[in-house]
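The lines below spell out each chain.
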Amino acid sequence: MNARISQVLLVVVGVLVAFLPIASIVASTGSSTDSGETLSDWVAILIALLAWRVSITEAAANQKQRELSVRPLLCAYRHRGHAQNDEDDNVVTVISFVLRNQGVGPALVNGYRFVINSKIHHLIKPSDIDTFGDALGIENAKWSFTSLSPPEPIAAGSSHKLFEVIDIELKDGVTLDDIDQKLKLHVEYSSIYETKFKGVL
């Protein structure tokens, strides 16, 4: 859209530039030289204004292009699988929650929170584990987590594992599908140009 406007304005400027000598000749054949000079002055002012508008439009388009070239895109990856327990060689269930930047520029994470059944939960310190696990329906498990300290960058193509849970014992009637459905991540982040984004992952 900006490119089309710029092209139109450039055409108008070109027409006015071509018209300026003709206008000067026509005006000089009129009643006075002053009127010809006045017309030429107004045409010159109009050309200058249109040229200024073209430069502003081009600058805005270039800025938008620069922002798009470093635009981040955060996505969540939930992994469910099985692993061998190092302590007794038994196969145990593992789930993890990974935040990945699928964009083309760094994402500056300004804030995030987990939402479980419409209630906000945080997983920042060890004392948060019991409340977090209970809300998910996990009876017992081994937890590991790494919190983000805003504004923490995640480079393009990089990931940050928010938590991993192994050797899981679920409460009666709770399945891993239930956990996937009830757990959401609300995240706010920005680009290096301070363009702000929000996502529910």
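You'll find the structure just up there.
Residues numbered from 1 in each chain as written. Predicted model: local features only at pLDDT ≥ 70, side-chain atom pairs only at ≥ 80, totals over all residues. Heavy atoms only, no water.

### A look at the overall build of the chain
Then, in step 1: Helix and strand counts for the chain stand at 4 helices and 9 strands.
Then, in step 2: Classification of the 201 residues of the chain by burial places 32% in the buried group.
Then, in step 3: Considering only residue pairs separated by 6 or more positions, the chain has 66% of its internal contacts joining residues 24 or more positions apart.
Then, in step 4: For the chain, the accessible area works out to roughly 12300 Å², and carbon and sulfur atoms hold 57% of it. (Helix = DSSP H or I, 4+ residues; strand = E, 2+ residues; numbered from the N terminus. Buried < 20%, exposed > 50% of the residue type's maximum accessible area, 1.4 Å probe, protein only. Contact = heavy atoms within 4.5 Å. Areas by Shrake-Rupley, 256 points an atom, 1.4 Å probe, with all protein chains shown as cover.)

### Here we look at the nonpolar core
Then, in step 1: Ranked by size, the top nonpolar core spans 30 residues in total, and within it Phe-114, Phe-132, Trp-143, Leu-162 and Phe-163 carry the most contacts.
Then, in step 2: Mapped by element, the contributors of at least two residues to this core are strand 2 (91-101), strand 3 (107-116), helix 3 (128-136), strand 5 (138-145), strand 7 (159-170) and strand 8 (183-190).
Then, in step 3: Ranked by the residues each element gives to this core, the list is headed by strand 3, at 5 residues. (Core = buried A, V, L, I, M, F, W, Y, C linked by side-chain atoms within 4.5 Å.)

### Observations concerning the pattern of salt bridges
Any two side chains of opposite charge can pair, so long as their charged atoms come close to each other.
Then, in step 1: Per the counting criterion, the structure on display carries 6 salt bridges.
Then, in step 2: Between Arg-80 and Asp-177 there is a salt bridge, with its nearest N and O atoms 2.8 Å apart. Here Asp-177 lies in helix 4 (residues 176-182) and Arg-80 lies in strand 1 (residues 74-84), a separation of 97 residues in the sequence.
Then, in step 3: Note on Asp-177: relative accessible area 43%, which makes it partly exposed.
Then, in step 4: Its salt-bridge partner being Glu-164, residue Lys-161 comes within 3.3 Å of it at the nearest N-O pair.
Then, in step 5: Lys-161 sits in the partly exposed class, given a relative accessible area of 40%.
Then, in step 6: Using a relative accessible area of 24% as the deciding quantity, one classes Glu-164 as partly exposed.
Then, in step 7: A network of salt bridges, in which partner residues are shared, links Arg-80, Asp-177 and Asp-180. (Salt bridge = Lys/Arg side-chain N within 4 Å of Asp/Glu carboxyl O.)

### Observations concerning the packing of aromatic side chains
Then, in step 1: Taken as a whole and assessed by the stated rule, the structure comprises 9 aromatic pairs.
Then, in step 2: Centroid distance Phe-114 to Phe-132: 5.1 Å. Interplanar angle 75 degrees. Geometry classified as edge-to-face. Here Phe-114, found in strand 3, pairs with Phe-132, found in helix 3; they are 18 residues apart in sequence, far enough to count as distant.
Then, in step 3: Phe-114 gets classed as buried once you look at its relative accessible area, which sits at 2%.
Then, in step 4: Using a relative accessible area of 0% as the deciding quantity, one classes Phe-132 as buried.
Then, in step 5: Here Phe-132 and Phe-163 contribute two aromatic rings whose centre-to-centre distance is 5.6 Å and whose plane-to-plane angle is 70 degrees, an arrangement assigned as edge-to-face. Taken together, the residues span a long stretch of sequence, with Phe-132 in helix 3 and Phe-163 in strand 7 at a distance of 31 residues.
Then, in step 6: Taking relative accessible area as the criterion, Phe-163 reaches 2% and is therefore assigned buried.
Then, in step 7: These aromatic residues form a ring-pair network of at least three members: Phe-97, Tyr-112, Phe-114, Phe-132, Trp-143 and Phe-163. (Phe/Tyr/Trp six-rings, centres within 6.5 Å; stacked < 30°, edge-to-face > 60°.)

### A closer look at the pairing of strand 9 (residues 196-200)
Then, in step 1: Alternating residues of strand 9 divide into Phe-197 and Gly-199, all buried, and Lys-196, Lys-198 and Val-200, none buried.
Then, in step 2: Bridge count between strand 8 and strand 9: 5 bridges; the pairing is antiparallel. Bridge pairing in strand 9 links Tyr-189 to Phe-197.
Then, in step 3: Between the antiparallel neighbours strand 8 and strand 9 lie 5 residues, among them Glu-194 with a positive phi of about 65 degrees. (Pairing = 2+ DSSP bridges.)

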